[in-house]
Protein chains: 2
Amino acid sequence: MTNQEKLEKIKEKIDIDNQLSTALTMINWDLETEAPEKSVNQISKVISFLSGEKYDNYMNEEFKNLIYSINVDELSDIDKKIIEIIKEDYFEKIEKIPKEDYQKYSELVVFSSQTWAKAKQSNNFDMFKNYLSEVIEYNKKFVKYRGWEGHPYNTLLGDYEPNLTVEYCDKFFDKLKSDILPIIDNVVSKRKNNKELQEAKKRLISHKYDLNKQKELSNHLMDILKFDTKAGVLKESEHPFTNGTSKNNVRITTHYYENDFRSAMYSTIHEIGHALYEQHIDDKINETPAGGGVSMGIHESQSRIYENMFGRSRSFIKYLYNKIDDLFGISKLNIDKEMLYELVNDVDKSFIRVEADELTYSIHILIRYELEKEIFSDLNSVTDVDELAKKWADLYEKYLGIRPETYSEGILQDVHWSSGLFGYFPSYALGTANAAQIYEALNKKTNIEEDLENGDFSKIDAFLSDKIQKYGKLKTPDELIQISTGEKFNPDYYVNYLKNKFVK
Amino acid sequence: MTNQEKLEKIKEKIDIDNQLSTALTMINWDLETEAPEKSVNQISKVISFLSGEKYDNYMNEEFKNLIYSINVDELSDIDKKIIEIIKEDYFEKIEKIPKEDYQKYSELVVFSSQTWAKAKQSNNFDMFKNYLSEVIEYNKKFVKYRGWEGHPYNTLLGDYEPNLTVEYCDKFFDKLKSDILPIIDNVVSKRKNNKELQEAKKRLISHKYDLNKQKELSNHLMDILKFDTKAGVLKESEHPFTNGTSKNNVRITTHYYENDFRSAMYSTIHEIGHALYEQHIDDKINETPAGGGVSMGIHESQSRIYENMFGRSRSFIKYLYNKIDDLFGISKLNIDKEMLYELVNDVDKSFIRVEADELTYSIHILIRYELEKEIFSDLNSVTDVDELAKKWADLYEKYLGIRPETYSEGILQDVHWSSGLFGYFPSYALGTANAAQIYEALNKKTNIEEDLENGDFSKIDAFLSDKIQKYGKLKTPDELIQISTGEKFNPDYYVNYLKNKFVK
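Basis of the calculations
Sequence order sets the numbering: in each chain, residues are counted from 1 along the sequence as written. Key to labels: chains lettered from A, ligands numbered from 1, both in the order written. The predicted origin of the model limits local features to residues at a pLDDT of at least 70 and limits the giving and counting of side-chain atom pairs to 80 or more, whereas totals for whole chains, interfaces and linings rest on all residues. To get the side-chain values, all heavy atoms of the structure are used, and hydrogens and water are removed first. Counting from the N terminus, the helices are the DSSP runs of H or I reaching at least four residues and the strands are the DSSP runs of E reaching at least two. Note that the radius of gyration is over C-alpha atoms, with the globule rule given as 2.2 Å times the number of residues to the power 0.38. Burial classification: accessible surface area is computed with a 1.4 Å probe over protein chains only, and a residue below 20% of its type maximum counts as buried, one above 50% as exposed, and the rest as partly exposed. Whether two residues are in contact is decided by their heavy atoms: any pair within 4.5 Å suffices. Working definition of accessibility: Shrake-Rupley area with a 1.4 Å probe, residue cover restricted to the visible protein chains. Only four residue types enter the charge count, namely Lys and Arg as positive and Asp and Glu as negative; His and the chain termini do not. By convention, the charge on Lys lies at NZ, on Arg at CZ, on Asp at CG and on Glu at CD. By convention a nonpolar core is built from buried Ala, Val, Leu, Ile, Met, Phe, Trp, Tyr and Cys residues, the set being connected through side-chain atoms within 4.5 Å. In this scheme, strands are said to pair when DSSP sees at least two bridges between them. Here an angle of 0 to 180 degrees is reported between the N-to-C directions of two axes, which are lines fitted to C-alpha atoms, with helices fitted over the stretch in contact. Salt bridge, as used here, is a side-chain nitrogen of Lys or Arg placed within 4 Å of a carboxyl oxygen of Asp or Glu. A 1.4 Å probe defines the accessible area here, and the buried area is the portion of it lost by two parts on being joined, summed over both. We define a polar contact as two N or O atoms separated by no more than 3.5 Å, with the added condition that, inside protein, one atom must be a possible hydrogen donor and the other a possible acceptor, whereas residues neighbouring each other in sequence contribute only through side-chain atom pairs. Three classes are used, and their members are as follows: Ala, Val, Leu, Ile, Met, Phe, Trp, Tyr, Cys and Pro are nonpolar, Asp, Glu, Lys and Arg are charged, and the others, Gly among them, are polar. Across the chain, each position has a pLDDT score giving the predictor's confidence in that residue, from 0 to 100. The copies are overlaid by a least-squares fit using only the C-alpha atoms of residues whose pLDDT is at least 70 in both copies. In what follows, roughly perpendicular refers to angles from 65 to 115 degrees, roughly parallel to angles under 35, roughly antiparallel to angles over 145, and oblique to any angle outside these ranges. Note on convention: the crossing is left-handed when the near helix lies turned anticlockwise from the far helix by less than a right angle, right-handed when the turn is clockwise. Ring pairs shown here join Phe, Tyr and Trp side chains whose ring centres sit within 6.5 Å, with only the six-membered ring taken for Trp; geometry is labelled stacked below 30 degrees between planes, edge-to-face above 60, and tilted in between. Criterion for a charge above a ring: Arg CZ or Lys NZ at most 6 Å from the ring centre, at most 35 degrees from the ring normal. The patches reported here contain residues having more than 30% relative accessible area and no salt bridge. Joining distances are 9 Å for like charges and 5 Å for nonpolar side chains (Val, Leu, Ile, Met, Phe, Trp, Tyr). Directions drawn from the helix axis to the C-beta atoms are what define this arc.

**As for the overall build of chain A**
At step 1: Along the backbone of chain A there are 22 helices and three strands.
At step 2: Rg of the C-alpha trace for chain A: 23 Å, near the compact-globule value of 23 Å for 504 residues, within the 12% margin.
At step 3: Seen through its principal axes, chain A has C-alpha atoms that stretch 75 × 50 × 45 Å.
At step 4: Looking at chain A residue by residue over its 504 residues, the buried ones come to 61%.
At step 5: Contacts in chain A between residues far apart in sequence, at least 24 positions, make up 75% of those at least 6 positions apart.
At step 6: Carbon and sulfur atoms make up 45% of the accessible area of chain A, which amounts to about 20100 Å² in all.
At step 7: Within chain A, the 87 negative side-chain charges are centred at a point lying 3 Å from the centre of the 68 positive side-chain charges.

**Quick word on the nonpolar core**
At step 1: In terms of nonpolar packing, the biggest core is built from 154 residues, with B:Phe261, B:Met265, B:Tyr306, B:Phe310 and B:Ile330 touching the most fellow members.
At step 2: When residues no more than four places from it in sequence are discounted, the contact partners of B:Tyr306 are B:Leu225, B:Ile269, B:Gly273, B:Leu276, B:Gly311, B:Phe457, B:Ile460, B:Asp461 and B:Leu464.
At step 3: Within the second largest apolar cluster, 150 residues are counted, among which are A:Ala117, A:Leu371, A:Phe422 and A:Ile438.

**A short note on the sheet that holds strand E1 (residues 232-236) of chain B**
Residue and element names in this part refer to chain B.
At step 1: Within the open sheet, the three strands sit side by side as E1-E3-E2. Their pairing is mixed. In this open sheet, the two edge strands, each paired with only one partner strand, are E1 and strand E2 (242-246). For this sheet, the mean angle separating the axes of adjacent strands, direction not counted, is 15°.
At step 2: Pairing of E1 with strand E3 (residues 249-254), which is carried by five bridges, proceeds in the parallel orientation. Bridging from a neighbouring strand, Val233 pairs with Arg251 of E3.

**Focus on the sheet that holds strand E3 (residues 249-254) of chain A**
All names here are of chain A.
At step 1: Spatial ordering of the open sheet is given by E1-E3-E2, a layout of three strands whose pairing is mixed. Each end of this open sheet is capped by a strand with a single partner; those strands are strand E1 (232-236) and strand E2 (242-246). Looking at each pair of strands side by side, their axes are set apart by 15° on average, direction ignored.
At step 2: Here E2 pairs with E3 via four bridges, running antiparallel. Its bridge partner being in E3, Asn243 is matched across the sheet by Arg251.

**Focus: the pattern of salt bridges**
Residues and elements named next belong to chain A.
At step 1: Tallied over the full model, the rule gives 92 salt bridges over all chains.
At step 2: Where Lys459 meets Asp451, a salt bridge forms, and the shortest distance between an N and an O atom there is 3.8 Å.
At step 3: Residue class for Asp451 comes out buried when judged on its relative accessible area of 6%.

**With respect to the interface of chain B and chain A**
At step 1: Taken together, the contact between chain B and chain A spans 36 residues of the former and 36 residues of the latter.
At step 2: For the pairing of chain B and chain A, the buried interface totals around 3000 Å² over both sides, and the portion due to carbon and sulfur atoms is 56%.
At step 3: Remark: the boundary between chain B and chain A carries ten salt bridges.
At step 4: One salt bridge in this structure joins A:Arg251 and B:Asp30, with 2.8 Å as the shortest N-O distance.
At step 5: Where chain B touches chain A, the interface holds 24 residue pairs in polar contact (both at pLDDT 80 or more).
At step 6: Only helix H1 (3-33), helix H2 (40-58), E1, E2 and E3 of chain B provide two or more residues apiece to the side of chain B that touches chain A.
At step 7: Among the residues making up the side of chain B that touches chain A, the classes are represented as 14 nonpolar, eleven polar and eleven charged.

**Quick look at the side chain of A:Ser267**
At step 1: Note on placement: A:Ser267 falls in helix H12 (residues 261-279).
At step 2: When residues no more than four places from it in sequence are discounted, the contact partners of A:Ser267 are A:Pro240 and A:Thr254.

**Let's talk about the confidence of the model for chain A**
At step 1: Of the residues in chain A, 100% reach a pLDDT of 70 or more, and the chain-wide mean stands at 97.
At step 2: Taken over the whole predicted complex, pTM reads 0.95, whereas the ipTM for its chain interfaces reads 0.94.

**Description of the relation of the copies chain B and chain A**
Superposition of the two copies of the chain requires a rotation about an axis and a shift along the axis.
At step 1: Superposition of chain B onto chain A requires a rotation of 180° combined with a translation of 0.0 Å along the rotation axis, giving an RMSD of 0.0 Å. The transformation relating the two chain copies, once decomposed into turn and shift, fits a two-fold axis.
At step 2: Of the residues that chain B buries at the interface, 100% are likewise interface residues in chain A, meaning the two copies contact each other through the same surface.

**As for the packing of helix H3 (residues 61-69) of chain B against helix H4 (residues 77-91) of chain B**
Residues and elements named next belong to chain B.
At step 1: For the pair H3 and H4, interaxial distance at closest approach is 10 Å and the crossing angle is 135°. Judged by the angle between their axes, H3 and H4 are oblique. Pair H3 / H4 crosses with left-handed handedness. Counting all contacts with H3, which are made through Phe63, Lys64, Ile67 and Tyr68, the residues of H4 involved are Ile83, Ile86, Lys87 and Phe91.
At step 2: Broken down by class, the residue content of the contact of H3 with H4 amounts to six nonpolar, no polar and two charged.

**What about the packing of helix H11 (residues 211-224) of chain A against H12(A)?**
All names here are of chain A.
At step 1: Packing of H11 against H12 brings their axes to within 10 Å, and their N-to-C directions diverge by 30°. One finds that H11 runs roughly parallel with respect to H12. Read as a crossing pair, H11 and H12 show a hand that is right-handed. On H12, the residues touching Gln214, Leu217, Ser218, Leu221 and Met222 of H11 are Phe261, Ala264, Met265, Thr268, Ile269 and Ile272.
At step 2: Taken together, the residues of the contact of H11 with H12 break down into eight nonpolar, three polar and no charged.

**A short note on the packing of aromatic side chains**
Residues and elements named next belong to chain A.
At step 1: Tallied over the entire structure, the rule returns 66 aromatic pairs over all chains.
At step 2: Measuring from centroid to centroid gives 5.3 Å for Tyr209 and Phe328, while their planes differ by 85°, and the two rings are edge-to-face. A residue pair is termed long-range when its members are at least 10 positions apart, and Tyr209 in the loop between helix H10 (195-205) and H11 and Phe328 in helix H14 (residues 314-328) qualify at 119 residues. An identical accessibility class is assigned to Tyr209 and Phe328; each is buried.
At step 3: Where Trp392 meets Trp417, the ring centres are 5.6 Å apart and the plane angle is 90°; that geometry is what we call edge-to-face. Of this pair, Trp392 sits in helix H17 (residues 385-400) while Trp417 sits in the loop between H17 and helix H18 (426-445), and the two are 25 residues apart along the sequence.
At step 4: You can call Trp392 buried: its relative accessible area is 1%.
At step 5: Each member of the aromatic cluster is reached from another via a ring pair, and the members are Tyr153, Phe172, Phe173, Tyr369, Phe376, Trp392, Tyr396, Trp417, Phe422 and Phe489.
At step 6: For Arg312, the ring lying beneath its charged end belongs to Tyr266, and the centroid distance is 3.9 Å.

**As for a negative patch on the surface**
At step 1: Taken together, A:Glu5, A:Glu8, A:Glu12 and A:Asp15 make up a surface patch of like negative charges.
At step 2: Relative to the elements of secondary structure, A:Glu12 occurs in helix H1 (residues 3-33).

**Topic: helix H10 (residues 195-205) of chain B**
Residue and element names in this part refer to chain B.
At step 1: All of the buried residues in H10 are Leu197, Gln198, Ala200, Lys201 and Leu204. For H10, the angular spread of buried residues about the axis comes to 160°, placing them on one side. Opposite its buried face, H10 presents the exposed residues Lys195, Glu196 and Lys202, each directed more than 90 degrees away.
At step 2: Close packing links the buried residues of H10 with helix H9 (181-192), helix H12 (261-279) and helix H15 (337-343).
At step 3: Of the residues that open H10, the one with a side-chain oxygen 3.2 Å from the backbone nitrogen of Glu196 is Asn194.

**A look at unusual backbone geometry**
All names here are of chain A.
At step 1: In this structure, Asn163 is a non-glycine residue whose phi angle is positive, near 65°.
At step 2: Along the chain, Asn163 turns up in the loop between helix H7 (153-160) and helix H8 (166-179).
At step 3: Look at Glu287: it is not a glycine, yet its phi comes out positive at around 60°.
At step 4: Turning to its location among the elements, Glu287 is positioned in the loop between H12 and helix H13 (296-310).
At step 5: Note on Glu287: relative accessible area 22%, which makes it partly exposed.

**Concerning the environment of A:Thr115**
Residues and elements named next belong to chain A.
At step 1: Structurally, Thr115 is set in helix H5 (residues 99-121).
At step 2: Owing to a relative accessible area of 12%, Thr115 belongs among the buried residues under this scheme.
At step 3: It is 8.4 Å that separates the C-alpha atoms of Thr115 and Ser418, two residues lying 303 residues apart in sequence.
At step 4: Leaving out residues up to four positions away in the same chain, Thr115 has contacts with Met127, Phe128 and Tyr131.

See the structure below:
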């Protein structure tokens, strides 16, 4: 077989993988956003079946031989990258896991995440804990199959951020602990003593915000942030997320609460940030293994830069105030532009990560990081999930001085563990640190604040698209930070950004 | 191999067919209700791929041998039926079509129906006509592959109603032509001369009906008609439809218009009727080839009995009036219960089938029947679709004395041809005739009108479930009519029902 023939055979298989992955994503999307309760059983069987087909498509000697025998020196850069990605994602990862486990696990997480949503709504940890336990133990088993270097948790961290290690994370979180943790108390108490702010907050949250008007705000945000509605959809789910099968099919969700428009507003902006990354992937790698975001750290940098650096900026709030006032009449609540800015940057020690302010946010991540690191420090003993729920509460008490009184405010709050996404959380904090650094670089190029005040995202959109998003997986996260900022990753930007915003 | 081993092997294949069919249905559902425009290309490839997998799963010598060599005398009644259905639906139908055509066609109808929706919205027949032509010619080719007895159109008619023939349809439609057509003019002109009614109608359609309140009405209807929302979902689409993968996963759509709540209301009721059929299938045949409705004639009997015999009855309108008034304030439009009854039974010569009154409805079907019969009378010449659009208009002029001035009001109005559903339309008329007969039988058993006036569908639900719906494909349409009415099919009930309602 010539090298070209090998390449063609490989591409046929990639095509099949695309069809199966797309089908799986669409079925999962349906499951998370609208599937009726009684259908879950049948749909989980479909997911298991298609996952098995996906496994078999690549995991066979014939395909493996093609991948390892093709002469990559003769290939284009993109094809070279594609071969590399298949080796890493499949033969160094999934192939180590027996098909039976892979398929059972794919079925398990369907039930697990469905049960989690119900358990969270009813604050019923008992309902969920056997699933949580099973998902954890499967992940330990998978780490054992796959092997690890250094700390076993490294294997999982690397799934979301290439080569990320406990050693690196420890240093990063230590910096946050030493630089951010000590200033929180002071910022919080200053705010608590600001009567005007506290009164305004009370007025804000005692008002009702019509859900249809909140939806209108979401539509407005999609419009000005340049989400392409011909290549994407916004819906609702218990936990907001982004899902997609190509640049032309990006699905995002948000979650509306009647007593506070801020929650859905920032969820929507956050997910739009993720969506823009996917929508801006270069055409020539779209629907190939090199398409899609390169790592969760970079992905979260895109969502968090929109949510925080842009979305919670004074300039953008100045722009958006009139729209918000038109929809919800907040001027009648005696909330002006500056007060709205303060209210979307309210700093408080609170339980819910996705609602947290920028300053305390990384502490929420730190807590999850410490818990996950401990879970995977010993692969041979079974994690006591009741104990884990207690440790969750203990760490909130230790770092934020507050103790969740319900499971829904504690261990049940996030969807991630129910779907087996262990190792994901650190990328939120790393992503935000990336975002702060990218924001600084962008700020040097163009007057962002002026653009934000005009609701004009065109230069921002072009910069992120050109320096980061279009590359998909063609560049490493480190390379993307270098290209977009001209420097290596430097967490000082993050710390300085937070200090500038909240302390000065 | 023992007979039992053969059965087990067959059931494994049925299982795979279930997973693939479920995946296809879910992806189609997404496509029809929310998929963004630019994703259609990718999704059509997935549909083509999964259709190919579905084809290969059954269409091979090994499976065929199992199906034809298993000793059916040793099987349970249900398993016997399942083997019979697989023979009929696959080896006497799909197997005759080469895989390449089958797959290409499955991809074609995705683009065709997507394009149809756009063409209809913009009244642009040029945009759609090449697709229509291609779909028609594929269907001719399929009839040639499959063969036919008598008229070639019989093969397609039989896909929706077993053994239905042109000969039978001709007789049935001739009866409607001779019994219904002559009375339309009189009924229409009486109504036109009823000033009070005409004024009320003007007031009704010049009002605006909030879409969220219309959705609330849909939810109320689902509730009282006993649609199980834990086993189904209601959404929106250009053309309302019902789709499902099992009794636990039934999806229905409706279409809201701001200037008239009646349209969505009756679409919703119609689709709920379809959905109840699927939701009431007996557990022991659920997710087997014997699950699901037995024919479109029976399926439409369930949707049309809810839509018309129940939904447009004076008793039900008496019940629903208060809810409708609460939502839309129609009493302020000076429309009382009796006037609302008249308005939901407005008889007029109009262009749109799905909006048509009960009296003229079958004429809309007659027109489509005559067109389809002509299309498939000659399989060897290519149908001129411009000519077809003209013939559509000609027939409206001939039978109803009105000529559509736009394509959207003419040939573009229905989704069916864009998806290749030739042979389907007659089942609407046959189904309504079935419905009239079933209604009479039910009326003898219980005081339906009293129940309807109380919004109490429990006895109706139990009767239809027990006499028809639970059986799925275990009984033939003829047997179901016999079981539910104690008689053979008799179209006199339909004619008498219409005469009683509209002439007396």
